[in-house]
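Spelled out from the first residue to the last, the chains are:
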Amino acid sequence: MQVIPVTAVRRGFGTTSRRDTWWAAPLAVFVGLSAFVVYATWAAFQGAHYTYGPYLSPFYSPEIFGDSPHAWFGPKPAAWPALLPFSPALLILPFPGLFRFTCYYYRGAYYKSFWADPPSCAVGEPRKSYWGEHSFPLILQNAHRFFMWVALVFIALLAYDVWLAMWFPDPATGGTVFGIGIGTLILGVNVVLLACYTWGCHVLRHLVGGRRDDQSQCGMAYACVSGLNGRHQLFAWCSLFSVMSSDLYVRLCSMGILTDLRLF
Amino acid sequence: MSQATFRIWRSKPGGENGGFIDYTTEISEGMVVLDAVHKIQAEQAQDLACRWNCKAGKCGSCSAEINGTPRLMCMSRLNSLDLTQPVTVEPMRTFPAIKDLVTDVSWNFRVKKGLKKFAPRKPDAPDGTWRMAQKDVDRVQEFRKCIECFLCQDVCHVLRDHEKHDAFIGPRFLTYTAALEMHPLDTADRLPDLKNQNGIGYCNITKCCTKVCPEHIHITDNAIIPLKERVVDRFYDPVMRLLRVFQG
């Protein structure tokens, strides 16, 4: 019988009796989210190599103003301030960005990984004060529902981009011809994963039936959204990876580093 | 028979601080941590205090922290633990210690008393009974699986690290409130309480409560977030406010 004296209950950053690799998951989230933010920011500021044939990078869709044939309203407006950097992505990326930033899954993940609040379950924190989402600034996370509506519109726009990605220029006629390329498949998988992530949103689940106590009157929508919601974390990561991969593929094709393979 | 060492928290008489004491005991196939603690209690430390009852994961009495993770001792099989080093067994850290592995969880019962009670609508039938669809009660059935082991309260960092016991009711009672608020017969309005004195905004959805729940209740996704969204509907969404004005 060996006595090991303990003078006080553990408090303080990182103190825990846990023996497992509790730091691995927060570290992986930190690395994954940081890599995405760095890449997305770099790609958004490039303003070039975001289209290739019928493909449009999801970071740049919808292209409201821009130089490519995908632009809705033509080139950059003449009134755009010269000092302000311009890229078609900068006009639209804040909306899906804020949708993810205020997402319930990501909130829980980055509070742990970036703010150590807590670093992991039953692991000591670095600070004593705490407001949570009870007051400013984190009370603003409640705006998630408004970004969700925009994200739903983006899913429709990205699905339309996949349709456009099936029509390749035909040099013989000068028109377009139906076809499927590797890029079409990549953009297609991307929009499916983004839809699974967006349609499994907790706010959407609330709006399609969660807010009601009579579930029997909600039809199938609540059950479907709940099914996707159960895999929200999985789709959050898969869609993050796919949207980054889609941009990278279009970019490498546009730069001539990759050759897009036409399946038919 | 092989041997394993258990590093068990022992409190000092009259003081809240204590220390770990290592006990080495024989173990056999199928044993759980509670079996080992009972064996140590019987053979080496007759004054070791430990709360337990059913030994089947249904009474919620033997909550403790095993190797730093909040768990039920009776549901922690020894073959799932690394026995090459001492297994630490501590009381729940969020609540005041009474003796050794026993903590004072009475705060939870005081919180429960302060919550709005079930307020059913008038009976649907002359015999005083109600009619409701099975689908309507399915959702709240999940929350009724709770055995009140208070492991979720123990692991919640708002209570554990920030000691917001006066401002936040914790995941157990947010689940309890969800069971009442989402009940198809209930008529009470709990949203102002949730926002104000129950402090639902303090939850930052780290899902630790869900991870430790021995009944596998989806506390965060099915109880807390839906309640948060109802609070947003009522207090933070100007569009919903406008709609309510038009709907009277």
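Since the structure is predicted, the reported quantities are computational estimates derived from the model, not experimental observations.

Asker: Got a sec to walk through the overall build of chain A? Specific residues and values, please.
Answerer: Each helix and strand in chain A was counted, giving nine helices and five strands. Of the regular secondary structure in chain A, the N- to C-terminal order runs β-α-β-β-α-α-α-α-β-β-α-α-α-α. Once the C-alpha set of chain A is aligned to its principal axes, its extents read approximately 90 × 50 × 45 Å. Burial status across chain A gives 46% buried among its 264 residues. Of the contacts made within chain A by residues no fewer than 6 positions apart, 67% connect residues no fewer than 24 positions apart.

Asker: Pulling in residues and values, what's your account of the confidence of the model for chain A?
Answerer: For chain A, per-residue confidence averages 93 on the pLDDT scale, and 96% of positions sit at 70 or higher. The low-confidence segment residues 1–8 of chain A (pLDDT under 50) makes 20 contacts with residues lying over four places distant or belonging to another chain.

Asker: Could you give an account of the confidence of the model for chain B, naming the residues involved and the relevant values?
Answerer: This prediction gives chain B a mean pLDDT of 95; 99% of its residues lie at or above 70. Both scores are given for the predicted complex: the pTM is 0.94, the ipTM 0.93.

Asker: Break down the packing of helix H7 (residues 202–210) of chain A against helix H9 (residues 219–236) of chain B for me, citing the residues and quoting the values.
Answerer: At a minimum axis distance of 10 Å, the contact between H7(A) and H9(B) shows a crossing angle of 75°. Considering their axes alone, H7(A) and H9(B) lie roughly perpendicular with respect to each other. For the pair H7(A) and H9(B), the contacting residues are His202(A), Val203(A), Arg205(A), His206(A) and Gly210(A) in the first and Asp221(B), Asn222(B), Ile225(B), Pro226(B), Glu229(B), Arg230(B) and Asp233(B) in the second. Here the contact of H7(A) with H9(B) is built from residues that sort into three nonpolar, four polar and five charged.

Asker: An account of the layout of surface pockets is requested, with residue identities and associated values reported.
Answerer: One number sums up the size of the largest pocket: a volume of about 810 Å³. Phe36(A), Pro96(A), Gly97(A), Leu98(A) and Arg100(A) are, among the 33 residues lining the largest pocket, the residues nearest its centre. Listing elements by their share of the lining of the largest pocket, those giving two or more residues are helix H1 (24–46), helix H2 (88–92), helix H3 (94–101), helix H4 (104–113), helix H5 (144–164), helix H6 (182–198) and helix H9 (232–254) of chain A. The element contributing the most residues to the lining of the largest pocket is H1(A), with eight residues. Of the volumes computed, that of the second largest pocket is approximately 600 Å³. Around the second largest pocket sit 32 residues that line it, and Tyr105(A), Lys112(A), Gln233(A), Lys207(B) and Lys211(B) are the ones nearest its centre. Secondary structure elements with two or more residues in the lining of the second largest pocket: H1, H4, H7, helix H8 (221–229) and H9 of chain A together with H9 of chain B. Counting residues per element, the lining of the second largest pocket draws most heavily on H4(A), which supplies six residues.

Asker: Any details on the pairing of strand S1 (residues 2–11) of chain B? Residues and values, ideally.
Answerer: Residue and element names in this part refer to chain B. In this structure, S1 lies alongside strand S2 (residues 18–27), joined through 10 bridges in antiparallel fashion. When the sheet's bridge partners are listed, Phe6 is paired in S2 with Tyr23. In this sheet, strand S5 (residues 87–90) lies alongside S1 in parallel orientation, the contact comprising three bridges. Across the sheet, the residue bridging to Arg7 is Thr88, located in S5.

Asker: Explain the state of the cysteines to me, using residue names and the numbers behind them.
Answerer: Within this structure, the stated rule accounts for one disulfide over all chains. Note on cysteine connectivity: Cys121(A) is disulfide-linked to Cys208(B), with sulfurs 2.1 Å apart. As the torsion about the S-S bond is roughly -85°, the Cys121(A)-Cys208(B) disulfide counts as left-handed. Taken together, the positions of Cys121(A) in the loop between H4 and H5 and Cys208(B) in helix H8 (residues 208–212) put the pair across two chains.

Asker: Give a detailed account of the pairing of strand S4 (residues 69–72) of chain B, specifying residues and quantitative values.
Answerer: All names here are of chain B. Burial of the side chains of S4 is restricted to one face: Pro70 and Leu72 are buried, whereas none of Thr69 and Arg71 on the reverse face is. Inspection of the sheet shows strand S3 (residues 63–66) paired to S4 by four bridges, in the antiparallel sense. Following the sheet pairing, Ile66 is matched in S4 by Thr69. Here S3 hands over to S4 after two residues, with Asn67 in that stretch at a positive phi of 50°.

Asker: Give me the domain arrangement of chain B: which residues, what numbers.
Answerer: Residue and element names in this part refer to chain B. Considered domain by domain, chain B is made up of domain 1 (2–103) and domain 2 (106–247). Each of domain 1 and domain 2 has a C-alpha centre, and the two are 32 Å apart. Between domain 1 and domain 2, the contact holds 14 residues from the first and 16 residues from the second. Summing both sides of the interface, domain 1 and domain 2 together bury roughly 1100 Å²; the carbon and sulfur share of this comes to 59%.

Asker: Let's hear about the side chain of Ser120(A): which residues, and what values?
Answerer: Residue and element names in this part refer to chain A. Mapped onto the elements of the fold, Ser120 is located in the loop between H4 and H5. Side-chain polar atoms of Ser120 contact the side chain of Arg18, separated by 3.3 Å. For Ser120, the residues in contact, after removing those within four places along its chain, are Arg18, Trp22 and Pro26.

Asker: I'd like a rundown of the packing of aromatic side chains, residues and numbers included.
Answerer: On inspection of all chains with the given rule, the structure shows 24 aromatic pairs over all chains. Relative to Phe114(A), the ring of Phe30(A) has its centre 4.7 Å away and its plane inclined at 40°; by these criteria the two rings are tilted. In this pair, Phe30(A) sits in helix H1 while Phe114(A) sits in the loop between H4 and H5, placing the two residues 84 residues apart along the sequence. According to the relative accessible area criterion, Phe30(A) is partly exposed, its value standing at 36%. Assessed through its relative accessible area of 39%, Phe114(A) is described here as partly exposed. Plain terms: the ring middles of Phe109(B) and Phe150(B) are 5.7 Å apart, the flat faces sit at 75° to each other, and that makes the pair edge-to-face. Placement of Phe109(B) in helix H2 (residues 106–113) and of Phe150(B) in the loop between helix H3 (134–143) and helix H4 (151–155) is noted, with a sequence separation of 41 residues between them. In this structure Phe109(B) comes out as partly exposed when scored by relative accessible area, which is 41%. What makes Phe150(B) buried here is its relative accessible area of 4%. A connected cluster of aromatic rings, assembled from ring pairs, spans Phe99(A), Tyr105(A), Tyr106(A), Tyr197(A) and Trp237(A). Just above the ring of Tyr104(A) sits the side chain of Arg107(A); from NZ or CZ to the centre is 4.2 Å.

What counts, and where the lines are drawn
Residues numbered from 1 in each chain as written. Chains lettered and ligands numbered in written order. Predicted model: local features only at pLDDT ≥ 70, side-chain atom pairs only at ≥ 80, totals over all residues. Heavy atoms only, no water. Helix = DSSP H or I, 4+ residues; strand = E, 2+ residues; numbered from the N terminus. Buried < 20%, exposed > 50% of the residue type's maximum accessible area, 1.4 Å probe, protein only. Contact = heavy atoms within 4.5 Å. pLDDT = per-residue confidence, 0-100. Axes fitted to C-alpha atoms, helices over the stretch in contact; angles between N-to-C directions. Parallel < 35°, antiparallel > 145°, perpendicular 65-115°, else oblique. Nonpolar A, V, L, I, M, F, W, Y, C, P; charged D, E, K, R; others polar. 1 Å grid on protein atoms, 1.4 Å probe; cavity = no way out; pocket = protein on both sides within 12 Å on 5 of 7 lines; lining within 4 Å. Points joined across faces, edges and corners; volume = space filled by probe spheres on them. Pairing = 2+ DSSP bridges. Disulfide = S-S within 2.5 Å. Domains from an automatic or database assignment. Buried area = accessible area lost by both parts, 1.4 Å probe. Polar contact = N/O pair within 3.5 Å; in protein donor to acceptor, adjacent residues only side chain to side chain. Phe/Tyr/Trp six-rings, centres within 6.5 Å; stacked < 30°, edge-to-face > 60°. Lys NZ or Arg CZ within 6 Å of the ring centre and 35° of its normal.

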